[in-house]
Amino acid sequence: MSNYQEVLQQAQTLTPKEQIRLIEDLSSLMRQQVTMTPKPKHSILELRGLGKEIWNGVDAQQYVNQERDSVLDQLIV
């Protein structure tokens, strides 16, 4: 039997008040672990603007229209 199953069985023997206290304690423990998790060294925001030169000279509305048309063509075939 796994540790989890053993703990779950023990928790089921507790009174409702004790179960609530256990949940609160576990929740507090998890919050501490989450706040102690180191922040990533990079942010997704660092990717902003990456590859923008690919879109130079491309009309956004014309591109969207072409994409929509190509999808419609695939559905009709």
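How each quantity is defined
Residues numbered from 1 in each chain as written. Predicted model: local features only at pLDDT ≥ 70, side-chain atom pairs only at ≥ 80, totals over all residues. Heavy atoms only, no water. Helix = DSSP H or I, 4+ residues; strand = E, 2+ residues; numbered from the N terminus. Rg over C-alpha atoms; globule rule 2.2 N^0.38 Å. Areas by Shrake-Rupley, 256 points an atom, 1.4 Å probe, with all protein chains shown as cover. Lys, Arg positive; Asp, Glu negative; His and termini not counted. Charge placed at Lys NZ, Arg CZ, Asp CG, Glu CD. Phe/Tyr/Trp six-rings, centres within 6.5 Å; stacked < 30°, edge-to-face > 60°. pLDDT = per-residue confidence, 0-100. Patch = residues over 30% accessible without salt bridge, like charges linked within 9 Å, V, L, I, M, F, W, Y side chains within 5 Å. Salt bridge = Lys/Arg side-chain N within 4 Å of Asp/Glu carboxyl O.

### Focus on the overall build of the chain
What the chain contains, in helices and strands, is three helices and zero strands. Listed by position from the N terminus, the elements making up the chain come as α-α-α. Over its C-alpha trace the chain gives a radius of gyration of 27 Å, far above what one expects of a compact globule, namely 11 Å for 77 residues. Across its three principal directions, the C-alpha atoms of the chain cover 65 × 40 × 25 Å. Roughly 7,900 Å² of accessible area belongs to the chain as shown, and the carbon and sulfur atoms make up 59% of that amount. A distance of 12 Å separates the average location of the 8 positive side-chain charges in the chain from that of its 10 negative side-chain charges.

### A look at the packing of aromatic side chains
Within a pair of aromatic rings, the relevant descriptors are the distance that separates the centres and the angle that separates the planes. One pass over the full model with this rule turns up one aromatic pair. Here the aromatic rings of Trp55 and Tyr63 are separated by 5.1 Å at their centres, their planes lie at 80°, and the arrangement is edge-to-face.

### With respect to the environment of Gly49
Tracing the backbone shows Gly49 in the loop between helix H2 (16-36) and helix H3 (60-76). Gly49 sits 16 residues away from Gln33 along the chain, and the two C-alpha atoms are 34 Å apart.

### Quick word on the confidence of the model for the chain
When pLDDT is averaged along the chain, the result is 89; 97% of the residues meet or exceed 70. Within the chain, the element-level pLDDT minimum falls on H3, averaging 88, and the maximum on helix H1 (residues 3-12), averaging 94.

### Some words on a nonpolar patch on the surface
A cluster of nonpolar residues, Ile54, Trp55, Val58, Tyr63 and Val64, forms a patch on the protein surface that exposes about 470 Å² of accessible area. Structurally, Trp55 is set in the loop between H2 and H3.

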